[in-house]
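# Survey of secondary and tertiary structure
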Amino acid sequence: LLIVFLTLTSAAHAASRVDCGRIESKILARPVPYCAMLPPSYDQDKTRQFPIVYYLHGLGDNEQSLINAGGWNIYDDLLSQKKVSEFLIVTPYGYQSFYINSRDGKLRYEDFFLQEFIPQIEKKYRVKAGRASHGIMGVSMGGFGALHYAFKYPQRFASVSTHMAALMDKLPANVGGTPEGKMMGTIFGNPIDPAYYQANNPLSLARKAPLASLKTMKIYFDCGDHDHYGFNVGTQQLDEVLKSRGVAHESHIYPGGHDMQFVLEHFATSLEWHSKALK
């Protein structure tokens, strides 16, 4: 096991630590890289258990993308300012999976995440048990994954937040001929199977998820008004679905496009959201 340690230091407070390693997966038949952000008290108090938030990265990124972009530093700064409580943030490498099982069964990422990744991470690190201590967040493709898990397994997560989530109520008719569509074909069927897409689509799941669980979940999502994939439309549709079901949530369309700059501008809001939810 290769473990890389990255320490973020500040004169104002004790250091947080980023611990990167690999989880051996029988389901995927490969080791899956991940990075974990451990708050200062994790090393100071060896008996304390912490809430956890799983962060799902976007297409073309990896488990280190949040570190490289500066997201960890935002979390560290919020901790030093006492604007958030301490919790773990863990990012698995998501490949191009949309964090679900592929239509052909060759890439069973959802099975891996639920049956192997979460249990192994929570065995390795001191994580509080129970829904009340578990949150999930994601960006773009990872936003699709985070909302998919939150709405499909609402008994597992107390909070969810996403930025510019890959939300489309229906796939465009010509999607199969685009580079994105060809990539999606490896997950949703080649040609893309509309029924399989809808079975996994967060918008579809939001329409049928158990109300009792949804109403006790803290839900936040945002998107840029110039998102070049048009995910702002899907964001507005999700807002309408949740409103129609009487599910409390927070949704925003902000100025911006579909890029990491947009994510970083609103990432602190996500962290504060989970901090309040996972008390």
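Everything below is about the structure shown above.
To keep things clear, this report deals only with the structure shown in the data block. (Residues numbered from 1 in each chain as written. Predicted model: local features only at pLDDT ≥ 70, side-chain atom pairs only at ≥ 80, totals over all residues. Heavy atoms only, no water.)

## A short note on the nonpolar core
Put simply, the rule is: For this analysis, a nonpolar core means a set of buried residues of the types Ala, Val, Leu, Ile, Met, Phe, Trp, Tyr and Cys, connected via side-chain atoms within 4.5 Å. Between buried and exposed lies partly exposed: a residue is buried under 20% and exposed over 50% of the maximum accessible area for its type, with that area taken using a 1.4 Å probe on protein chains only. Whether two residues are in contact is decided by their heavy atoms: any pair within 4.5 Å suffices.
Y54, F113, I136, F151 and F188 are the most contacted members of the largest nonpolar core, which has 88 residues in total. The residues touching F113, leaving out its near neighbours within four places in the chain, are Y54, L56, P92, I118, P119, I136 and Y149.

## Side note on the environment of W273
Heads up, the rule is: A run of H or I in DSSP becomes a helix once it reaches four residues, and a run of E becomes a strand once it reaches two; helices and strands are each numbered from the N terminus.
Relative to the assigned elements, W273 resides in helix α11 (residues 260-277). Each C-alpha atom, one on W273 and one on S16, is 20 Å from the other, the two residues being 257 residues apart in sequence. Residue contacts for W273: discarding those within four places in its chain leaves V160, S161, K218, I219, Y220 and E250.

## Details of the packing of helix α4 (residues 109-124) against helix α5 (residues 141-152)
Definition in use: As a rule, the C-alpha atoms of each element are fitted with a line to give its axis, helices using only the stretch in contact, and angles between N-to-C directions run from 0 to 180 degrees. For a crossing to be left-handed, the near helix must be turned anticlockwise from the far one by less than a right angle; the clockwise case is right-handed.
The N-to-C vectors of α4 and α5 enclose an angle of 60°; their axes lie 13 Å apart at closest approach. Crossing of α4 against α5: the hand is right-handed. Contact residues: Y109, E110 and F113 in α4; H148, Y149 and K152 in α5.

## Notes on the side chain of H134
Going by this rule: Polar contact is the term for a pair of N or O atoms within 3.5 Å; when the atoms are in protein, one must be able to donate a hydrogen and the other to accept it, and sequence-neighboring residues count only if both atoms are side-chain atoms.
On the secondary structure map, H134 appears in strand β6 (residues 134-139). Reaching out from H134, the side chain makes a polar contact with the backbone oxygen of G130 at a distance of 2.6 Å. Non-local contacts of H134, meaning those with residues more than four positions away in its chain, are made with I52, Y54, E122, V127, K128, A129, R156, F157, A158, S159 and L278.

## Brief notes about the packing of helix α3 (residues 71-80) against α11
Condition: Each angle is binned into one of four classes, with values under 35 degrees roughly parallel, values over 145 roughly antiparallel, values of 65 to 115 roughly perpendicular, and all other values oblique. Polar here means any residue other than Ala, Val, Leu, Ile, Met, Phe, Trp, Tyr, Cys and Pro, which are nonpolar, and Asp, Glu, Lys and Arg, which are charged; Gly is therefore polar.
For the pair α3 and α11, the least separation of the axes is 10 Å and the interaxial angle reads 50°. Taken together, the axes of α3 and α11 are oblique relative to one another. Note on packing geometry: the crossing formed by α3 with α11 is right-handed. On α11, the residues that touch G71, I74, Y75 and L78 of α3 are L264, F267, A268, L271 and E272. Here the contact of α3 with α11 is composed, by residue class, of seven nonpolar, one polar and one charged.

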